[in-house]
Amino acid sequence: MSAPRPRVLLIVAGGVAAYKALELVRLLDKAGVATRAILTKAGAEFVTPLSLGALTHDTVYSDLFSLTDEAAMGHIELSRSADLVVVAPATADIMAKAAAGLATDLATTALLATDKPVLMAPAMNVRMWEHPATRRNRAQLEADGVGFIGPDSGPMACGEFGDGRMAEPEAIRDAILARLKPGSAAPAPVGLMAGRRAIVTAGPTLEPIDPVRFISNRSSGQQGYAIAAALAAEGADVTLVSGPVALRPPAGVRTLHVETARDMLAACLEALPADVFVSVAAVADWRPAETAPQKLKLKGADAAPTVSLVENPDILATLAQPGPLRPGLVVGFAAETQSVEMHAAAKRARKGCDWIVANDVSGDVMGGAHNQVSLVTAEGVERWPRLPKDEVATRLAQRIAEAVNQSATVADA
Ligand SMILES: Cc1cc2nc3c(=O)[nH]c(=O)nc-3n(C[C@H](O)[C@H](O)[C@H](O)COP(=O)(O)O)c2cc1C
């Protein structure tokens, strides 16, 4: 006889991201997880019980006082019918009610009545997410043992930009699967980096000339994403600050999407303190001195506009500055096309960082799957063979783990 499928009770609340809950159900089904759904009244404004029910192959529960629902399954039984309760999207409203212990509808009653672990995937406007009330509610829920995945940062349906986008369904699925593993209802991070915090930057930055044009570079973000994933696989609490790339955020990594170098610096500073900072992003050295508010127009062959450039802030040097918030280990990347190691050693001294990973980008490295790096430390230069970017990331994560384990954690400080 085959083992019973693990079960999730999915609460879909009333946010724009509710449509992603449908994809989540599909991904869970593919992964062998059975889903039963509760749809809040507001949630039903965004997705229909019909589509949710078609994907869960089950009744969709909505009403606390429905005789039909209660006859099919009592609300207490429903709250305990799964191995894990997931709220996706978790609105500001449902977080507030759950933090206060309110039980005003079926969803909140199930959250109060359940004896199973709860995972929330918040989704809301950036101001709502940053509001002190929501921060308080999240802290209260965490203190009550509720787990969180996301939110991510990036452009929002409301036209604003910032933290508050629901984590991608694949990332939520992975977080669910990790929690459903036998003996990991409340998974404690394991690995050489458990209890350590890391900030990784990745991708290019994009510096606007006008609303439609920009200066950028060919960085794909692959190496930075792989390093963030490798550090997370070692148990680190990783914040990935990413420029615009076409990559899926790594599972288990808090990913903040930014565009300009100045936004990237602000996001990194906000993510401090950390034990490790790995600066992989290809930050644009310069940006247009002015961004035209309207699209620049063609004015004839002799009237091409001149774009004056100013220097961008130096993110690596700023994070490497001595001070109480300086991460214990600061690692920079130096992309060079000639005299790679010489330039890297000079960069290490100039920026005040501990290590430089020097990569020769004269070939197909940018956008390619392989990387050829040398690790430049105070002790000297180590040449690594040409390796897939994932393998460079794993090796570097292991070296980082060895180094930080010789010093105190941020939490210890
Ligand atoms: C168009 C629209 C979009 C909304 N999107 C969100 C959202 O993304 N996140 C959120 O917290 N609230 C959002 N709200 C507000 C919630 O729907 C509202 O707070 C509702 O009471 C939530 O109920 P629930 O938590 O029981 O599902 C939105 C409202 C509207 C009208």
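Computed from a predicted structure; not experimentally measured.

Basis of the calculations
- Residues numbered from 1 in each chain as written.
- Predicted model: local features only at pLDDT ≥ 70, side-chain atom pairs only at ≥ 80, totals over all residues.
- Helix = DSSP H or I, 4+ residues; strand = E, 2+ residues; numbered from the N terminus.
- Rg over C-alpha atoms; globule rule 2.2 N^0.38 Å.
- Buried ≥ 20, exposed ≤ 12 C-beta atoms within 10 Å, placed from the backbone.
- Contact = placed C-beta atoms within 7 Å.
- Pairing = 2+ DSSP bridges.
- Axes fitted to C-alpha atoms, helices over the stretch in contact; angles between N-to-C directions.
- Right-handed = clockwise from strand over helix to strand, strands pointing away.
- Near = placed C-beta within 6 Å.
- Nonpolar A, V, L, I, M, F, W, Y, C, P; charged D, E, K, R; others polar.
- Domains from an automatic or database assignment.

Asks: Would you take a moment to explain the overall build of the protein for this structure?
Replies: From N to C terminus, the protein includes 14 helices and 22 strands. Taking 413 residues into account, the globule formula puts the C-alpha radius of gyration at 22 Å, and the protein, at 24 Å, falls close to it. Within the span of the protein, comprising 413 residues, buried residues form 45% of the whole. In the protein, the share of contacts with a sequence separation of at least 24, taken over all contacts with a separation of at least 6, comes to 69%.

Asks: Looking at this structure, how should I read the sheet that holds strand E3 (residues 60–61)?
Replies: Sheet strands pair via backbone hydrogen bonds, and the direction of the pair is either parallel or antiparallel. Across the sheet, which stays open at both edges, the 6 strands sit in the order E3-E2-E1-E4-E5-E6 with parallel pairing between neighbours. With partners counted over all chains shown, the strands left at the sheet margins are E3 and strand E6 (147–148), one partner each. Pairing between strand E2 (residues 34–39) and E3: 2 bridges, direction parallel. In the strand pairing of E3, alanine 37 is matched with valine 60. Along the sheet face, helix H2 (residues 49–56) touches strand E1 (7–12), E2 and E3 and points at about 165° away from the line of E2.

Asks: What should I look at first to understand the pairing of E2 in this one?
Replies: Two faces make up the sheet, and in a regular strand the side chains alternate between them. Here E1 runs beside E2; their pairing, made up of 6 bridges, is parallel. Considered in E2, the bridge of valine 12 is made with leucine 39. Crossover E2 to E3 through H2 is right-handed.

Asks: Just checking my understanding: could you explain the environment of leucine 180 for this structure?
Replies: With respect to the helices and strands, leucine 180 occurs in helix H9 (residues 169–180). Here leucine 180 falls in the buried class, since 22 other C-beta atoms lie within 10 Å of it. The spacing of leucine 180 and valine 8 is 172 residues in sequence and 9.1 Å in space, taken between C-alpha atoms. Every residue in contact with leucine 180, bar those within four places of it in the chain, is listed here: Pro6, Val33, Asp83 and Leu84.

Asks: Sorry if this is basic, but what is going on with the environment of arginine 5 here?
Replies: With respect to the secondary-structure elements, arginine 5 resides in the segment before E1. The spatial distance from the C-alpha of arginine 5 to the C-alpha of glycine 162 is 37 Å, given a sequence separation of 157 residues. Contacts of arginine 5, omitting those with residues within four sequence positions, involve Gly32, Val33 and Ala34.

Asks: Help me understand the site of the ligand, please; the structure alone is not making it clear to me.
Replies: For the ligand, the set of nearby residues contains 15 residues, the closest of which are Ala13, Gly14, Gly15, Ala42 and Thr91. If one sorts the elements of the shell around the ligand by residue count, helix H5 (residues 92–100) sits on top with 3 residues. Its residues placed into classes, the shell around the ligand shows 9 nonpolar, 5 polar and 1 charged.

Asks: Hey, could you run me through the sheet that holds strand E20 (residues 373–377) in this one?
Replies: Read from one edge to the other, the open sheet built from 8 strands follows the order E13-E12-E9-E14-E17-E18-E20-E21, with strand pairing classed as mixed. With partners counted over all chains shown, the strands left at the sheet margins are strand E13 (254–257) and strand E21 (380–383), one partner each. Ignoring strand direction, the axes of neighbouring strands in this sheet form an average angle of 15°. One ladder, built from 6 bridges, connects strand E9 (residues 197–202) with strand E12 (residues 237–242); its direction is parallel. Note that in E12 the partner of arginine 197 across the bridge is aspartate 237. Taken strand by strand, helix H13 (residues 340–351) contacts strand E17 (329–336), strand E18 (355–360), E20 and E21, and its axis lies near 140° from that of E17.

Asks: Explanation requested: the pairing of E1 in the structure shown.
Replies: Counting buried positions along E1 gives 5 out of 6 residues, so the element sits mostly inside the fold. Taken together, E1, helix H1 (residues 18–30) and E2 constitute a β-α-β crossover, and its handedness is right-handed.

Asks: Sorry, what's going on with the domain arrangement of the protein here?
Replies: Many structure descriptions define interface size as the accessible area lost when the parts assemble. Here the protein is described as being made up of domain 1 (7–179) and domain 2 (197–293 + 304–412). Here the C-alpha centre of domain 2 lies 34 Å away from the C-alpha centre of domain 1. Each side of the interface is counted separately: domain 1 has 8 residues, and domain 2 has 7 residues.

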